[in-house]
Number of protein chains: 2
Amino acid sequence: MTLLTETIAKISPLDVAAMEAARARQDMLTKPQGALGRLEALSIQVAGITGAARPRLLKPAVVVMAADHGVARQGVSPFPPEVTPQMVMNFLAGGAAINVLSRHVGAQVAVVDIGVAADLPAHADLIARKIAYGTADLSAEPAMTRAQAQESLEVGIAVANELIDAGADILATGEMGIGNTTPSSAIVATLTGLSVAEVTGRGAGLNDSGLKHKVALIEAALALHKPNPTDAMDVLAKVGGLEIGGIAGVMIAAASRHVPVMVDGFISGAAALIACALAPAAQPYLIATHRSVERGHQAVFTRLDLEPLFDLGMRLGEGTGAVLGISLVQAACKALDEMSTFGEAGVSDKEA
Amino acid sequence: MTLLTETIAKISPLDVAAMEAARARQDMLTKPQGALGRLEALSIQVAGITGAARPRLLKPAVVVMAADHGVARQGVSPFPPEVTPQMVMNFLAGGAAINVLSRHVGAQVAVVDIGVAADLPAHADLIARKIAYGTADLSAEPAMTRAQAQESLEVGIAVANELIDAGADILATGEMGIGNTTPSSAIVATLTGLSVAEVTGRGAGLNDSGLKHKVALIEAALALHKPNPTDAMDVLAKVGGLEIGGIAGVMIAAASRHVPVMVDGFISGAAALIACALAPAAQPYLIATHRSVERGHQAVFTRLDLEPLFDLGMRLGEGTGAVLGISLVQAACKALDEMSTFGEAGVSDKEA
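Examining the packing of aromatic side chains
Applying the stated criterion across every chain yields a total of two aromatic pairs over all chains. When the ring of Phe-79 of chain A is compared with that of Phe-342 of chain B, the centres are 6.4 Å apart and the planes differ by 20°; the resulting orientation is stacked. On the criterion of chain membership, the pair formed by Phe-79 of chain A in the loop between β1 (60–67) and α4 (83–93) and Phe-342 of chain B in helix α14 (residues 342–345) is interchain, its members lying in two chains. Looking at Phe-79 of chain A, the relative accessible area reads 6%, which means it is buried. In this structure Phe-342 of chain B comes out as buried when scored by relative accessible area, which is 9%. Between the NZ or CZ atom of Lys-130 of chain B and the centre of the ring of Tyr-133 of chain B, over which it lies, the distance is 4.7 Å.

Below is the structure:
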C-alpha cells in the first residue's frame, strides 16, 4: 500500500452529529435564523470536517508549491521561466503578496520546492522536496512519468501531514510556476470534457495572439498524449505539473486528517479536480475561496459542486485568494462559538 | 452655519496625486499588473481618501446606531420592538454577531442610543444621544420633524468626529432597530424612483403575506406624506429613522475628515442615499462591502455607482458585513505598502 492509497483510504464522510449540533446552535444565536448566510453554512461545514460542534481554527498555514514547466519556453506566459526561482526567493524574503496577506490573517507560509528548475540556496523556511528540475515540455513529450506524478502527490501529502502534526488546523493551497495555467487548462479540459478554448485564459497577461497560441498548443498536446479522463494519474503525468500534483496531495492529506482546506485560484482548482478524481470523499473538505479571472475556473466549480466565497477579480495565484478566505472561515467559526443565544442574552426570539 | 452644512462644506475631492503614486507603485510590485484585482483598486481609493500614497489603516471602528420605529407596531417585522433595547444590551455585553466579528478584525464597537424606545442603563461603552423614544408611526404621521432629522445627522457627525479625534482611521456603519427595513425601503423608493415592491424585502424574515402588508403600508405612507425626492431632509424626516440619519451623518463626517467608511447592508445603503443627496462629494469616500439578501440593495448600488466587495447571503445588519470588509481593505493597503517591487526583489518583469 502506498502513502497515497493509504491516505485516500483514511478519508471519512463529514461528521453528521457535529453538523447537526452546529446547525441547532446557529438557530439559537441572537440573530434571525440564517441571517449570517454563507457564514452559517461555513461554520456547519467546518463542524462536519473537524468533528467539533463549536470548532475553532487557530493555526492556519498556506502551502505554496513551486515548480517549473518545460512548456514555459513555448511562449505560453509573458514572464520568463527564471521568475519561478526569483519569486521563491521573494517568498523566503517575505516580500510577495502571499507573505503580506498571510501576515495579515496570521497564516504560516510553507514554501515547497517540488520542482523548480534551479538550485535554490538552503533556507530555514524552504521545504526542499525537488522531484525534478521542472517538468518536460508537454507540447513535445509527457510532462512527467507516472512515478513522478505519484511522487508529487506524496510530497504534498507528506508536507501537509508535517504541518498538521505541528499544529496547523486549517490549510490553504497556493503555487508558483511560470507557465502553470497551461497544464491547468489541459487538466480541466480533460477532466470536464469541455473544449480547450472554453477553459483557457490569459494567465499572467497574454495578449490575443498569445492566447490563441496557448489554446492551439494545449489542443495539440492533448491530441498527442491522449490522457485518459478516467485515470487522473495519467492526466496529471502527461499534461500536469509537479506543483499541481503537490497541491492535490495536500488536499487529500487534509481530508484524511479532518482539516479544512482553502482552495485558491485556477491552478488549485485543477489540482482539486485531480484530488477529487483520485479521492472523491475529499470534496466536502474543500472550501473554494475566490473566483479567479481565469476563465476555466467556473468549470472547476461546476464540476466539483463548489461555490467560491468572493470574486475580487484576482488572478495572482500563490494562495492569495485562499488566505483571504481563511479569515472568513475563522470569522464564521467564531460567530458560531462566541455569540450569545437568545436565552443567554435575554433577547426575545421571533414571534411564532 | 450648522454643524451639518459646515461639515458638508469641508468635503473635498479625492487626492489625485496620492492615487497616481499608489497606482504607479502597484505597477512596480512583484505580481502581474492588475493581478490583485479589486484589492489594487481599493488601495488606490484609500490613497485618494487619506492623501497618503501608501496608506495604513490601523484603528477601525464600527458605529452601531440603535433606534426604534413607531411603525414596528404595525406588523412589519417578525420580531417584537423590545428586541431593539435587548440587542443593545447584548452589544454592550459583547455577545452579538457584530461584537464577535469586530473582535475578529480588531475593530472598536461604538454603540449609540440615538432613539431607542426605552431607558437604557448607563454603561461605559454606550454613547447616549437619544433624540426621541423612537420615531412616530410613519403609517399615520411623519416619522420625525425636520429638526429631529437634522439632529440625527448631527449626532452621527459628532460621534464620528469623536471617534476620529480618538484615532479611528477607518469607520464602518451598522445599526439596530426593529422595523428599520420599512423606512429604508421608503427612502430607497423615493430617492431612486423605483416602485415600493421593487425595493422591499423580507427584512428579518417576513412571510409572503407579511411582505405584501409591508409593501402596501409603505405605498400608503408615501401617498400620505409625499416626501419630496429632491429634498433628502424631507424624505429622512417623513419616512426615515433616527439611526438612518445618524449613519448618514457618520458618512458625511468621515468624508469631511478623509476617512474611508465601510457601508454595511440595506439600511446603511438607504443612509448612503441620504448622505450623498445632501453631500454628493461624500460618494468617493464610501466603500460598499456586501450585497445583502434584501432586494432593494442593488438599487442603492446602482444609484450610487458602488460595487460591493462580496455577497455572502447575509441579512443581519448591525455592521456585520461592513466589519468583514474592513479586513479586506486593510489587506489591500498592506499589499500596496509591504510588497517588494520587481527591483527590490530582483524579479524579472514581464517581457516587453
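And the narrative resumes.
Let's talk about the relation of the copies chain A and chain B
When chain A is brought onto chain B, the operation consists of a screw motion whose angular component is 180° and whose axial shift is 0.0 Å, with 0.0 Å RMSD remaining. Overall, the copies show the geometry of a two-fold rotation axis. Ranked by how close their C-alpha atoms come to the rotation axis, the residues of chain A are headed by Phe-310 of chain A, at 2.7 Å. Most of the interface of chain A is mirrored in chain B, where 100% of its interface residues are also at the interface.

Some details on the side chain of Thr-341 of chain B
Here Thr-341 of chain B shows up in the loop between α13 (320–338) and α14. Not counting chain neighbours up to four residues away, the residues in contact with Thr-341 of chain B comprise Arg-25, Met-28, Leu-29 and Thr-30 of chain B.

Topic: the packing of helix α3 (residues 38–50) of chain B against α13 of chain B
Residue and element names in this part refer to chain B. Packing of α3 against α13 leaves a shortest axis separation of 8 Å and a crossing angle of 85°. Judged on the interaxial angle alone, α13 and α3 are roughly perpendicular. In this structure, α3 contributes Leu-39, Leu-42, Ser-43 and Val-46 to the contact, and α13 contributes Leu-328, Val-329, Ala-332, Cys-333 and Leu-336. Each residue belonging to the contact of α3 with α13 can be placed in one class, and the counts come to eight nonpolar, one polar and no charged.

Regarding the pairing of strand β4 (residues 170–176) of chain A
All names here are of chain A. For β4, a buried count of seven out of seven residues is recorded, marking the element as mostly surrounded by other parts of the structure. Of the two faces of β4, both are covered, the one formed by Ile-170, Ala-172, Gly-174 and Met-176 as well as the one formed by Leu-171, Thr-173 and Glu-175. The pairing of β1 with β4 spans seven bridges and is parallel. When the bridges of β4 are listed, Val-63 appears paired with Thr-173. Judged from the two bridges that link them, β4 and strand β5 (residues 261–263) form a sheet pairing that is parallel. Of the residues in β5, the one forming a bridge with Ala-172 is Met-262.

So, the sheet that holds strand β6 (residues 286–288) of chain B
Residue and element names in this part refer to chain B. Pairing in this open sheet of six strands is parallel, and the strands run β3-β2-β1-β4-β5-β6 from one edge to the other. Taken across any chain shown, the strands that pair with only one partner, and hence form the sheet edges, are β3 (126–128) and β6. Direction aside, neighbouring strands of the sheet carry axes that sit 30° apart on average. Most of the contacts of helix α11 (residues 266–278) go to strand β4 (residues 170–176), to which it runs at about 120°, and overall it touches β4, β5 (261–263) and β6.

Focus: the interface of chain A and chain B
If you look at the interface, chain A gives 54 residues, while chain B gives 54 residues. Buried surface at the junction of chain A and chain B, both sides included, amounts to about 4,400 Å², of which 62% is carbon and sulfur. Area buried by chain A at its contact with chain B is led by Phe-79, His-104 and Leu-312 of chain A, which between them contribute 14% of it. Our enumeration of links across chain A and chain B arrives at two salt bridges. Its salt-bridge partner being Arg-103 of chain A, residue Glu-338 of chain B comes within 2.8 Å of it at the nearest N-O pair. Here chain A is connected to chain B by 18 residue pairs in polar contact (both at pLDDT 80 or more).

Things to note about the domain arrangement of chain A
Residue and element names in this part refer to chain A. Structurally, chain A comprises domain 1 (3–55 + 336–345) and domain 2 (60–330). Inter-centroid distance (C-alpha atoms) of domain 1 to domain 2 is 28 Å. Its largest share of buried area at the contact with domain 2, domain 1 owes to Leu-4, Ile-11 and Ile-49, together 35% of the area lost on that side. For the pair domain 1 and domain 2, the interface holds zero salt bridges. At the boundary of domain 1 and domain 2, one finds eight residue pairs in polar contact (both at pLDDT 80 or more). At the level of elements, α1 (3–9) and α3 (38–50) are the ones that each hand at least two residues to the side of domain 1 that touches domain 2. By residue number, the principal contributor to the side of domain 1 that touches domain 2 is α3, which donates seven residues. Of the residues assigned to the side of domain 1 that touches domain 2, the class counts are ten nonpolar, four polar and two charged.

Focus on the pattern of salt bridges
Under the defined criterion, the tally for this structure stands at 28 salt bridges over all chains. Notably, a salt bridge pairs Arg-129 of chain A with Glu-162 of chain A, separated by 2.8 Å at the nearest N-O pair. On the criterion of sequence distance, the pair formed by Arg-129 of chain A in the loop between β3 (126–128) and α6 (146–165) and Glu-162 of chain A in helix α6 is long-range, its members being 33 residues apart. Taking relative accessible area as the criterion, Glu-162 of chain A reaches 41% and is therefore assigned partly exposed. Salt-bridge contacts for Arg-202 of chain B lead to Asp-208 of chain B; the nearest nitrogen and oxygen are separated by 2.7 Å. Among the ionic contacts, a cluster of salt bridges with common partners joins Arg-54, Arg-56, Asp-337 and Glu-338 of chain A together with Arg-103 of chain B.

With respect to the environment of Leu-324 of chain A
Secondary-structure assignment places Leu-324 of chain A in helix α13 (residues 320–338). Exposure remark for Leu-324 of chain A: the relative accessible area of 5% places this residue in the buried category. On a C-alpha basis, the gap between Leu-324 of chain A and Leu-101 of chain A in space is 7.0 Å, while along the polypeptide they are 223 residues apart. Once you skip the residues sitting within four places of it in the chain, Leu-324 of chain A turns out to touch Leu-101, Phe-310 and Met-314 of chain A together with Leu-39, Leu-328 and Ala-331 of chain B.

Reading guide: rules and limits
Residues numbered from 1 in each chain as written. Chains lettered and ligands numbered in written order. Predicted model: local features only at pLDDT ≥ 70, side-chain atom pairs only at ≥ 80, totals over all residues. Heavy atoms only, no water. Phe/Tyr/Trp six-rings, centres within 6.5 Å; stacked < 30°, edge-to-face > 60°. Helix = DSSP H or I, 4+ residues; strand = E, 2+ residues; numbered from the N terminus. Buried < 20%, exposed > 50% of the residue type's maximum accessible area, 1.4 Å probe, protein only. Lys NZ or Arg CZ within 6 Å of the ring centre and 35° of its normal. Least-squares fit on C-alpha atoms with pLDDT ≥ 70 in both. Contact = heavy atoms within 4.5 Å. Axes fitted to C-alpha atoms, helices over the stretch in contact; angles between N-to-C directions. Parallel < 35°, antiparallel > 145°, perpendicular 65-115°, else oblique. Nonpolar A, V, L, I, M, F, W, Y, C, P; charged D, E, K, R; others polar. Pairing = 2+ DSSP bridges. Buried area = accessible area lost by both parts, 1.4 Å probe. Salt bridge = Lys/Arg side-chain N within 4 Å of Asp/Glu carboxyl O. Polar contact = N/O pair within 3.5 Å; in protein donor to acceptor, adjacent residues only side chain to side chain. Domains from an automatic or database assignment.

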